[in-house]
Amino acid sequence: MSQTPFFKTDCPSCGAPVEAHSASAVTLVCGYCNSMLVRKDNGVVDSGRDSALLEDFSPLQIGTSGTFVAQRFTLVGRLQVQYDDGAWNEWYALFDDGRAGWLSEAGDLYVMTMPVEIDNPPKFEDTQAGFSELTFQDKHYIASDVRKISLKRAAAQGEL
Ligand SMILES: [Zn+2]
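If you're wondering where the values come from, they're calculated on a predicted model, not measured in any experiment. (Residues numbered from 1 in each chain as written. Predicted model: local features only at pLDDT ≥ 70, side-chain atom pairs only at ≥ 80, totals over all residues. Heavy atoms only, no water.)

> An account of the coordination of the zinc ion is needed here, citing residue identities and associated values.
Around the zinc ion, the protein contributes the donor atoms C11 (SG), C14 (SG), C30 (SG) and C33 (SG), which lie 2.3 to 2.4 Å from the metal centre. With four donor atoms in place around the zinc ion and angles of 106 to 111 degrees between them, the coordination shape is tetrahedral. Here the donor residues of the zinc ion share one chain and are spaced in sequence as C-x2-C-x15-C-x2-C. Separated by 16 residues along the polypeptide, C14 in the loop between β1 (7-10) and β2 (17-20) and C30 in the loop between β3 (27-29) and β4 (35-40) bring together distant segments of the chain. (Donors = N, O, S within 2.8 Å, 3.2 Å for Na, K, Ca; no water. Tetrahedral: all angles 85-135°; square planar, octahedral: opposite > 155°, others 65-115°. Helix = DSSP H or I, 4+ residues; strand = E, 2+ residues; numbered from the N terminus.)

Dropping the structure here:
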């Protein structure tokens, strides 16, 4: 990740500096007042939403870097998703080659998700845990967990 921000402005809520490193991120969370800001034209507008996270003692944080399939990435944002039995983190990862992915963190389990082109992708509404199958790059997959989440119960940090 380049250390030079792609975008820099002041938080419309508290005036603190906020910056983005991803050209594709659409929301930013102010690190000072937790206001969720939405990028619009050349600036940001306050969504009016507070985005404080639950303390989950994650070993990861904004700025943590790593390597996935020989490509370096840096975590630039976090979406903390809540569901009936708890919460997990979806970290927004920005790769040095400009691509982006999501690193899911649930307890000590991590999964990197990146967009790919496939023919006839299965529809989410039709996916059933234990039944739905997919073959991708000669590997066979069966859905093991299918969940709908509500972003009304999500909190965020950084840029997404
Ligand atoms: Zn602020």
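> How would you sum up the packing of aromatic side chains? Please name residues and give values.
Under the criterion given, the structure shown has two aromatic pairs. A ring pair is formed by F73 and F95, whose centres lie 5.5 Å apart and whose planes are at 55 degrees; its orientation type is tilted. You can see F73 sitting in strand β7 (residues 71-83) and its partner F95 sitting in strand β8 (residues 86-95), a full 22 residues away along the chain. Assigned by exposure class, F73 and F95 land together as buried. Centroid distance Y92 to W102: 5.0 Å. Interplanar angle 50 degrees. Geometry classified as tilted. In this pair, Y92 sits in strand β8 while W102 sits in strand β9 (residues 100-106), placing the two residues 10 residues apart along the sequence. Under the relative-accessibility criterion, Y92 is labelled buried at 7%. Relative accessible area serves as the criterion here: at 29%, W102 is assigned to the partly exposed category. Cation over ring: R39 sits above F7, and NZ or CZ is 5.0 Å from the ring centre. In this structure, R99 is placed above the aromatic ring of F95, and the distance from its NZ or CZ to the ring centre is 5.5 Å. (Phe/Tyr/Trp six-rings, centres within 6.5 Å; stacked < 30°, edge-to-face > 60°. Buried < 20%, exposed > 50% of the residue type's maximum accessible area, 1.4 Å probe, protein only. Lys NZ or Arg CZ within 6 Å of the ring centre and 35° of its normal.)

> So, the nonpolar core: which residues are in play, and what are the values?
Formed by A25, V29, M36, V76, L79, V81, W88, Y92, L94, A154, A156 and L160, the largest nonpolar core amounts to 12 residues. Elements represented by at least two residues in this core include exactly β7 and β8. When residues of this core are assigned to domains, at least three map to each of domain 1 (7-50) and domain 2 (58-115). Contact partners of V29, with chain neighbours within four places excluded, come to N34, S35, M36, S51, A156, Q157 and G158. (Core = buried A, V, L, I, M, F, W, Y, C linked by side-chain atoms within 4.5 Å. Domains from an automatic or database assignment. Contact = heavy atoms within 4.5 Å.)

> Let's hear about the confidence of the model for the protein chain: which residues, and what values?
For any part of a model where pLDDT is low, the fine detail of the predicted coordinates should not be relied upon. Summary statistics for the protein chain give a mean pLDDT of 89 and a share of 98% for residues scoring 70 or more. No element of the protein chain has a lower mean pLDDT than strand β5 (residues 43-50), at 86, and none a higher one than strand β6 (residues 65-68), at 97. (pLDDT = per-residue confidence, 0-100.)

> Can you tell me about the pairing of β5, naming the residues and giving the values?
As defined by bridge partners, β4 adjoins β5 across five bridges and the pair is classed as antiparallel. If you follow R39 over to β5, its bridge partner there is V44. The hairpin turn running from β4 into β5, its antiparallel successor, is two residues long, and D41 in that turn takes a positive phi close to 50 degrees. (Pairing = 2+ DSSP bridges.)

> Describe the side chain of T27, listing the residues and the values that go with them.
Looking at the secondary structure, you find T27 in strand β3. Contact partners of T27, with chain neighbours within four places excluded, come to L37, V38, G158, E159 and L160.

> Talk me through the pattern of salt bridges; I want residue IDs and the actual numbers.
For the structure on display, the rule yields four salt bridges. Between D97 and R99 there is a salt bridge, with its nearest N and O atoms 2.9 Å apart. Judged by its relative accessible area of 42%, R99 is partly exposed. Measuring nitrogen to oxygen at the nearest pair gives 3.2 Å for the salt bridge that ties D145 to R147. Given a relative accessible area of 49%, D145 falls into the partly exposed group. (Salt bridge = Lys/Arg side-chain N within 4 Å of Asp/Glu carboxyl O.)

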